[in-house]
Amino acid sequence: EKQRVAIGRALLTSPRLLLMDEPLASLDEESKLEIYPYLEKLHKDLSIPVIYVTHSYNEVTRLADYLALIKDGSIYAAGPIREMATNLNVPVAFRQDAGSVIETHVAEHDDKFSLTYLNFPGGRITVAKNDHPVGASVRVRIIASDVSISTIKPEKSSVLNVFEGSVLELATASASHKMVKLDLNGIHLLARITRKSEKNLNLTPGSRIFAQVKSAALIT
């Protein structure tokens, strides 16, 4: 509640720019979940720019439109969050929780199976049913380790989210894993796979693939 009051007082001064320096640092995870919707509403409704300083990558993917990475007092990489999240030249793309941020809109709700279908240029994402109205813009985060790759179209799979695309880049994530950047009709998706799988599939830039997404998290 103190955080909400502090933000409210700042907004009452009619600022031309709002700086939020680690606003959730003192809160536990339960409290963060309570204030996220409030910050997301501010993000959507405010007509002023907000500079949000944080060490939390989860907060970044939920709230940021543009990400600047700072080291030793200098910005060493910057760009739209959807591009930075899948940029294999920056460290955030190799985190254990690395993944893709995709902007979608609600296409329809499936009451029979309690699902919601989200459209984006690369296809349709299926998530658990939510309250967003049809046509609403929503952000989805897909963790790289929840993405598998096949060179043939999967048949009769329990995975509902399957997208056709191609390999853009590959980079070493660890001694045993590779990070693969995929192109889904102009939308970039990260997949974390083993080096053995890379070899077995003979993946190279340009390879045609099918990406299977085991889990897609609706974050706004």
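Placed above this text is the structure.
Residues numbered from 1 in each chain as written. Predicted model: local features only at pLDDT ≥ 70, side-chain atom pairs only at ≥ 80, totals over all residues. Heavy atoms only, no water.

**Brief notes about the sheet that holds strand β13 (residues 208-213)**
Part 1 of the reasoning: Spatially, the five strands line up as an open sheet ordered β9-β13-β10-β11-β12, and their pairing is antiparallel. In this open sheet, the two edge strands, each paired with only one partner strand, are β9 (147-150) and β12 (187-194). Across the sheet, the mean angle from the axis of one strand to that of its neighbour is 45°, orientation sign disregarded.
Part 2 of the reasoning: Pairing of strand β10 (residues 161-172) with strand β11 (residues 177-184), which is carried by six bridges, proceeds in the antiparallel orientation. (Pairing = 2+ DSSP bridges. Helix = DSSP H or I, 4+ residues; strand = E, 2+ residues; numbered from the N terminus. Axes fitted to C-alpha atoms, helices over the stretch in contact; angles between N-to-C directions.)

**Things to note about the environment of D65**
Part 1 of the reasoning: The residue D65 is located in the loop between α3 (57-63) and β3 (66-71) in this model.
Part 2 of the reasoning: When the C-alpha positions of D65 and P49 are compared, they lie 11 Å apart, and in sequence the two are 16 residues distant.
Part 3 of the reasoning: Those residues in contact with D65 that lie beyond four places of it in its chain are H43, P80, I81 and R139.
Part 4 of the reasoning: A distance of 3.1 Å separates the side chain of D65 from the side chain of R139, its partner in a polar contact. (Contact = heavy atoms within 4.5 Å. Polar contact = N/O pair within 3.5 Å; in protein donor to acceptor, adjacent residues only side chain to side chain.)

**Overview of helix α2 (residues 29-45)**
Part 1 of the reasoning: With 17 residues, α2 should reach 24 Å at 1.5 Å per residue; the first-to-last C-alpha distance of 24 Å fits that figure.
Part 2 of the reasoning: Along α2, the sharpest kink reaches roughly 35°, centred on I35 and followed within four residues by the proline P37.
Part 3 of the reasoning: The elements touched by buried residues of α2 are α1 (2-12), β1 (18-21), β2 (50-53) and α3. (Expected span 1.5 Å × (residues − 1). Bend = angle between axes of the 7 residues up to and from the residue.)

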